[in-house]
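# Chains, contacts and geometry: an overview
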Amino acid sequence: MKDHIRDYATNAFRFYAKTGMSTEQYKEKIRKEALETIAKREGRLKSGGSPTEAMLINAEKEVQAHIAEIMDLEAVEKTLAEFKSKSSISEEIIKEVYFTDPDKELEKGDISKRVVKAALDFHMSERSIYYELKKARTLFAYNRGLKL
């Protein structure tokens, strides 16, 4: 049976690893880049002055334009925090399988190879690793508000 959220959740975990920052840091990065772009467009030099209200509003609009990414990051953070609070091995499995080389495009068999490695590293069966990953994806989907 096809897991309809598998690819989406996998990509969200990988996006989280790729950004390498918290949701708040990511939002701040978007705001900062938007303010810099607006300042350049308006011909303002970096004078250390405060941004105008219009600039702040436009920066907030840019954050809202990335709301899906932000919600994905929040759901991943919440998922990892829930596993951490339960002292679950799932958090480490997620990191080993999904966080490895997040900048590289996944190729056929990459996840399977990482599952085999995780099974050896954690002294678990491959089936158990896949089960833990499914739990993580399901919890992510719940935290993200996706239809299960």
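One structure accompanies this document, and this report is about it.

Conventions we followed
- Residues numbered from 1 in each chain as written.
- Predicted model: local features only at pLDDT ≥ 70, side-chain atom pairs only at ≥ 80, totals over all residues.
- Heavy atoms only, no water.
- Phe/Tyr/Trp six-rings, centres within 6.5 Å; stacked < 30°, edge-to-face > 60°.
- Helix = DSSP H or I, 4+ residues; strand = E, 2+ residues; numbered from the N terminus.
- Buried < 20%, exposed > 50% of the residue type's maximum accessible area, 1.4 Å probe, protein only.
- Axes fitted to C-alpha atoms, helices over the stretch in contact; angles between N-to-C directions.
- Parallel < 35°, antiparallel > 145°, perpendicular 65-115°, else oblique.
- Contact = heavy atoms within 4.5 Å.
- Nonpolar A, V, L, I, M, F, W, Y, C, P; charged D, E, K, R; others polar.
- Salt bridge = Lys/Arg side-chain N within 4 Å of Asp/Glu carboxyl O.

## Some words on the packing of aromatic side chains
- Under the counting rule described, the total for this entry stands at five aromatic pairs.
- Both rings, one in Phe13 and one in Tyr98, keep their centres 5.4 Å apart while their planes meet at 15°; by these two values the pair is stacked. Of this pair, Phe13 sits in helix 1 (residues 6-19) while Tyr98 sits in helix 5 (residues 90-98); the two residues are 85 residues apart in sequence, bridging distant segments of the chain. Tyr98 matches Phe13 in its accessibility class, with the two residues each being buried.

## Overview of the packing of helix 1 against helix 7 (residues 126-144)
- Here helix 1 crosses helix 7 at 85°, and the two axes come no closer than 10 Å. In terms of orientation, helix 1 lies roughly perpendicular with respect to helix 7. Facing helix 1, whose interface residues are Arg6, Tyr8, Ala9, Thr10, Ala12 and Phe13, helix 7 presents Ala136, Arg137, Phe140 and Arg144.
- Of the residues assigned to the contact of helix 1 with helix 7, the class counts are six nonpolar, one polar and three charged.

## Remarks on the side chain of Asn143
- Tracing the backbone through its elements, the reader meets Asn143 in helix 7.
- Residue classification places Asn143 among the buried residues on the basis of a relative accessible area of 18%.
- Residues in contact with Asn143, not counting those within four places in the same chain, are Ala75, Lys78, Thr79 and Glu82.

## Side note on the pattern of salt bridges
- On inspection of all chains with the given rule, the structure shows 10 salt bridges.
- The residue Glu24 makes a salt bridge to Lys27 at a minimum N-O spacing of 3.1 Å. Of this pair, Glu24 and Lys27 both sit in helix 2 (residues 23-41), three residues apart, which is roughly one turn of that helix.
- According to the relative accessible area criterion, Lys27 is buried, its value standing at 15%.

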